[in-house]
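Results of the structural survey
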Amino acid sequence: MDEPLVARMRQFGETIFAEMSRLAAETGSINLGQGFPDTDGPRSLLQGAARRIEQGVNQYPPGPGRVELRGAVAADRARRYGLEYDPDTEVYITVGATAGIAASVLGLVEPGDEVVLFEPMYDSYAGVIALAGGVRRPVALRPDPDQGGRFRFDADELRAAIGPRTRMIIVNSPHNPTGTVFTPDELDVIAELCREHDLIALTDEVYEHLTFDDAAHVPLATRAGMRDRTVAVSSAGKTFSVTAWKTGWVMGPEPLVRAARTVNQFLTFTANGALQLAIADAIRDETEWVAAQRDALQRKRDRLAAGLREAGFGVMRPQGTYFVMTDIRPLGYSDGIELARALPGRAGVAAVPAQVLYDNVAEGRHLVRFAFCKRDEVLDDAVIRLTRYANG
């Protein structure tokens, strides 16, 4: 039989995250590639889910999600950012943020439409744009040495990427994999272009609570004229360290949310009801746990960044997320894929080469991403192994 996979998906194989995690397992390596914590979320959250399961919350919840979670999400959005959403029509629960992003793109992008996005990009964006028959128009984020290596975009390059077929812009902030948190001024540039060209904005905000130092997350929907042209996606996985729970939500004006809902009813239909109830409780009751987790992650960022720097990597200081980006050229390497595939077997550590997250591979060939959402002793062990490898 000829290649059975549809043509638009033949450019995609096993994701780099799956490949690196597989290599880590095969070699017994420390996995600093895929972004998942090695500790659980708040005890009350875990107990709340178990209690609901034992109480019989084990059948389909409503398609849009449990009203308790939709209400908690809407209340939290209003309290934190002043964004008012109707929980009945403007909040929709999905199987993780990935499903929310996929349903939104599939529901809003026609074949041939162009989607502007920033690279390096989370890999699911490219896949779902291809599924929709859309065309990617990437704009590079580049490290600014005057800002401690913070990645930023060039406004003229962003403006030049927008054309008559542009339908949507995807904005991921806090940004995976660079750790950049877009500033209000940067968001205003994006908002101005969205208004000028009548674009839909899709925002991936899954790390919204995990920002460090003086960086504050600002939703694009809060900028002038953006509330009614922005579909925002977030989730519980990163906020509460339960990445396997795959519970997310889509927020925005009713027509945009309805587009995502129309598609998603034929994909996953609905998400686990017992987990939804537990998450609703945690959104209301575990704000102190989230703040403590953020502070702990900032310390872990500093711990790993210092160790990587001592091992010889060039380190860019992230403002948020689970990740630190490194430049491998000071170690004498130039190809991130080659190094990342060698590290598990030779150093006993897995990482992710950033170049696979670019369309313009040359922009990121020398960059490798490490995750710091691990126990301190795991990070220390990884640094020892990487230092030993780097020193030959």
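Residues numbered from 1 in each chain as written. Predicted model: local features only at pLDDT ≥ 70, side-chain atom pairs only at ≥ 80, totals over all residues. Heavy atoms only, no water.

A separate point is the domain arrangement of the protein. Partitioning the protein into domains gives domain 1 (7–41 + 288–391) and domain 2 (43–285). For domain 1 and domain 2, the distance between their C-alpha centroids amounts to 24 Å. At the junction of the two partners, domain 1 supplies 36 residues and domain 2 supplies 43 residues. Both sides together, the interface formed by domain 1 and domain 2 hides about 3400 Å², and carbon and sulfur atoms give 58% of it. Together, Q319, T321 and L357 form the three largest contributors to the area buried by domain 1 at its contact with domain 2, with a combined 20%. Where domain 1 meets domain 2, there are four salt bridges. R136 serves as the salt-bridge partner of D359, at 3.0 Å between the closest nitrogen and oxygen. Put simply, domain 1 and domain 2 have 20 residue pairs in polar contact (both at pLDDT 80 or more) between them. Contributions of two or more residues to the side of domain 1 that touches domain 2 are made by α10 (287–311), β12 (323–327) and β15 (367–371). For the side of domain 1 that touches domain 2, the element with the most residues is α10, which contributes seven residues. Considering only residue class, the side of domain 1 that touches domain 2 consists of 17 nonpolar, eleven polar and eight charged. (Domains from an automatic or database assignment. Contact = heavy atoms within 4.5 Å. Buried area = accessible area lost by both parts, 1.4 Å probe. Salt bridge = Lys/Arg side-chain N within 4 Å of Asp/Glu carboxyl O. Polar contact = N/O pair within 3.5 Å; in protein donor to acceptor, adjacent residues only side chain to side chain. Helix = DSSP H or I, 4+ residues; strand = E, 2+ residues; numbered from the N terminus. Nonpolar A, V, L, I, M, F, W, Y, C, P; charged D, E, K, R; others polar.)

In strand β10 (residues 248–251), alternate side chains face the same way, and those of G248 and V250 on one face and W249 and M251 on the other are all buried. Taken together, the four bridges between strand β2 (residues 91–94) and β10 define a ladder with antiparallel strand orientation. In the strand pairing of β10, T94 is matched with G248. In the sheet, strand β9 (residues 230–235) pairs with β10 via four bridges, with the strands oriented antiparallel. Bridged to A232 within β10 is M251. (Buried < 20%, exposed > 50% of the residue type's maximum accessible area, 1.4 Å probe, protein only. Pairing = 2+ DSSP bridges.)

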